[in-house]
Amino acid sequence: MTIRSRRLAGFACALFALALLSFTPSIAAPLASALGPEVPIAEPRDGFVGRLNVAPENGPVGTPLTVTADRLPPNQEFQLIWRTVKGSWKVDNAEYHGREYNPVAYEIAKVRSDSEGRLTAKFETPEDFGFSHDIVLQQPDRMFTQVGFSIDMTIEISPKEGPVGTPITVDVKGIGWRSLFNSWVLLYDNSFTGWMSSVTTGGSAKFTIPATGRPGVHILEVLHGELTFPYRNMQQNPEPDRPRWAIPFTITPGPAVLPPPPETQAQTVVRRLPPQGELVAAPAFSAIQEPVVVSGGGFEPGKTYQLNWTRVIGNRMTGRGWEVSATPVAETTADAGGNAIFQFKVPDDLGGEHGLYVDMGGGKKKEGTFWIKATAAPLDVGRGPVGTEFRIHLKGVGWSETANIVHLVYDNSYIGYACAFNSQGDVELIMKATGEPGWHYIDLYPGIYKGQETRPNNFRIPQLTYADDHPGEDLPAFRFAFEVMPGGTVGGGQ
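The structure displayed is predicted, hence computed values, not measured ones.

Cut-offs applied
Throughout, a residue's number is its position along its own chain's written sequence, starting from 1. Two thresholds apply to this predicted model, a pLDDT of at least 70 for residue-level local features and 80 or more for giving and counting side-chain atom pairs, whereas whole-chain, interface and lining totals are computed over all residues. For the side-chain quantities, the full set of heavy atoms in the structure was used; hydrogens and water were omitted. Each helix is a run of DSSP H or I of at least 4 residues and each strand a run of E of at least 2, with the numbering of both proceeding from the N terminus. Three exposure classes are used, based on accessible area relative to the maximum for each residue type with a 1.4 Å probe and protein chains only: buried under 20%, partly exposed in between, and exposed over 50%. Whether two residues are in contact is decided by their heavy atoms: any pair within 4.5 Å suffices. Here, Shrake-Rupley sampling with a 1.4 Å probe gives the accessible areas, and only protein chains in the shown set may cover a residue. Think of it this way: Lys and Arg go in the positive column, Asp and Glu in the negative one, and His and the chain ends go nowhere. For charged residues, the charge sits on one atom: NZ in Lys, CZ in Arg, CG in Asp, CD in Glu. Put simply, buried Ala, Val, Leu, Ile, Met, Phe, Trp, Tyr and Cys residues joined by side-chain atoms within 4.5 Å make one nonpolar core. Between the rings of Phe, Tyr and Trp (Trp by its six-membered ring), a pair exists once the centres lie within 6.5 Å; its type follows the angle of the planes, with under 30 degrees stacked, over 60 edge-to-face, and the other angles tilted. Both a distance and an angle decide whether a charge sits over a ring: NZ of Lys or CZ of Arg must be within 6 Å of the ring centre and within 35 degrees of the ring normal.

A.B. asks: Mind showing me how you'd approach the overall build of the protein chain here?
C.D. replies: Check the secondary structure of the protein chain and you find two helices and 33 strands. For the protein chain, the proportion of its 494 residues judged to be buried stands at 52%. Put simply, of all contacts in the protein chain between residues at least 6 apart along the chain, 72% involve residues at least 24 apart. Entry remark: accessible area of the protein chain is about 22,200 Å², with carbon and sulfur atoms responsible for 53%. Computing the positive centroid from 42 side-chain charges and the negative centroid from 52, the protein chain places the two 5 Å apart.

A.B. asks: Could you clarify how one ought to interpret the nonpolar core in this entry?
C.D. replies: In summary, soluble globular proteins display a tendency toward joint burial of nonpolar side chains. Counting 48 residues, the largest nonpolar core has Ile168, Trp184 and Leu220 as its most contacted members. Here this core takes five residues from strand S13 (residues 184–188), the largest share from any one element. Not counting the four nearest positions on each side in its chain, Leu220 is found in contact with Ile157, Ile168, Val170, Leu186, Leu187, Tyr188, Ile209, Trp245, Ala246, Ile247 and Phe249. Within the second largest apolar cluster, 26 residues are counted, among which are Val54, Phe78, Val147 and Ile151.

A.B. asks: Looking at this model, I keep getting lost on unusual backbone geometry. Mind explaining?
C.D. replies: Glycine aside, the phi torsion of most residues is negative, and most peptide linkages are trans. Residue Pro56 is reached from Ala55 by a cis peptide bond, and omega for that bond is -5°. Locating Pro56 in the fold gives a position in the loop between strand S2 (51–55) and strand S3 (58–59). In this model, Arg455 is joined to Pro456 through a cis peptide bond whose omega is -10°. Along the chain, Pro456 falls in the loop between strand S32 (438–446) and helix H2 (466–469).

A.B. asks: What am I meant to see in the packing of aromatic side chains here?
C.D. replies: Aromatic ring pairs: the centre-centre distance and the angle between the two ring planes describe each pair. Summed over the entire model, instances satisfying the criterion amount to 21 aromatic pairs. When the centroid spacing of 6.5 Å and the interplanar angle of 70° are considered together, the rings of Phe299 and Phe342 count as edge-to-face. Residue Phe299 is found in the loop between strand S20 (291–296) and strand S21 (304–314), and its partner Phe342 is found in strand S23 (residues 340–345); the two are separated by 43 residues along the sequence. Each member of the pair, Phe299 as well as Phe342, is classed as buried. Taken together through their ring pairs, the aromatic side chains of Trp82, Phe123 and Phe149 make up a single cluster. Between Lys366 and the ring centre of Phe299, over which it is positioned, the NZ or CZ distance is 5.6 Å.

A.B. asks: Sorry, what's going on with the side chain of Thr465 here?
C.D. replies: For Thr465, the position within the fold is in the loop between S32 and H2. On the basis of relative accessible area, Thr465 is assigned to the buried category, the value being 3%.

Put into structure tokens, the structure is as follows:
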């Protein structure tokens, strides 16, 4: 082993030990976008001018920074700039095309050099994407000089102990956006749990998992994983100094903390609903079989009209693809003022957006939209010995590449996924109870079914950060608990 490789290995081990023994909560700090106004990114002209330093050179979100500069033109005003990126998901026509990051600059402050060409400024490290950033001195039409600063990634869990089933909130700051820094995964007691993203949340991620297992210490491990699963020998990677975490949680004796009844876990708010159009639905979204009223104006008084419901039928597996069809769901007669009110129960169908239309004749239509939200039924069997069969039943699961699968996690261990497209939004999961006597936890997370992206490859695995950063639709997760009873094994001997 060379001196350099020994140093790298020692540094990586030190990082791991530090994460295991002491992980410090990040200090409250402004978002990068709150540092100041967004400004154009200036380019250098005739080379760089001046020298810029920052102390310290790295630190977590909230670290106080001191910037000093010299060798500048004297008695001039400059913009002190923080350069970063804005992230977004690329989703179009029900297809997932990856993610993109566009450069952006925020003015931290206006600063002025003294008669000797020096200046000093102070600010706090903003909440932003982690790792490398440029701090820049510029005038609106010219960049003078810059210095690099690296945001340290941090992880905090809360609480740090509690009985089985305790919701553990994992709060992450400083996830990177570049390759090898932008795809971090969680393991619980050496079992793969899922992936955390921060594309639209600027490097921050927050999610909750249940505490599972017997009383004692359990380990939440966070590693990078570019190609779906964790990269285990990070110390031998081209970026060997990336941190690793092994964070203890202690399960204490006491009554289990159980998830709320599944029927109460459905969304009460759906963000990013499509615009209503000329036909307005009330409510704008609901579960299947719930009543809805659709109204509109501009109809011919006394004439009878049909309201049509559009749906997608097919799958992605057989090669035949899918098609959009329509079926009447309601009929009404317009009143004397030309207003029409249609009443019906939401069909048992795929989740997500559905078109509504009334054929007005002559190739004209009045159109609107409705959104079906996913719902979950209670487990058909809630307790029994090892081997007991039980079923999870969902309705209204979607069909797009970002909505048509749910990921199954048993005691924080990922065990597979289920698809809703071919079954028109209906998902039935047939399970076998396993584990020691006591409560066991089953979580269903959204994810990404397929797409064109290859780095990172996060397909068909649970997206733990679905609530704040899921591409495309706003989707829920569902949580269940099953109690394994002492005794024999179903289907086996005593």
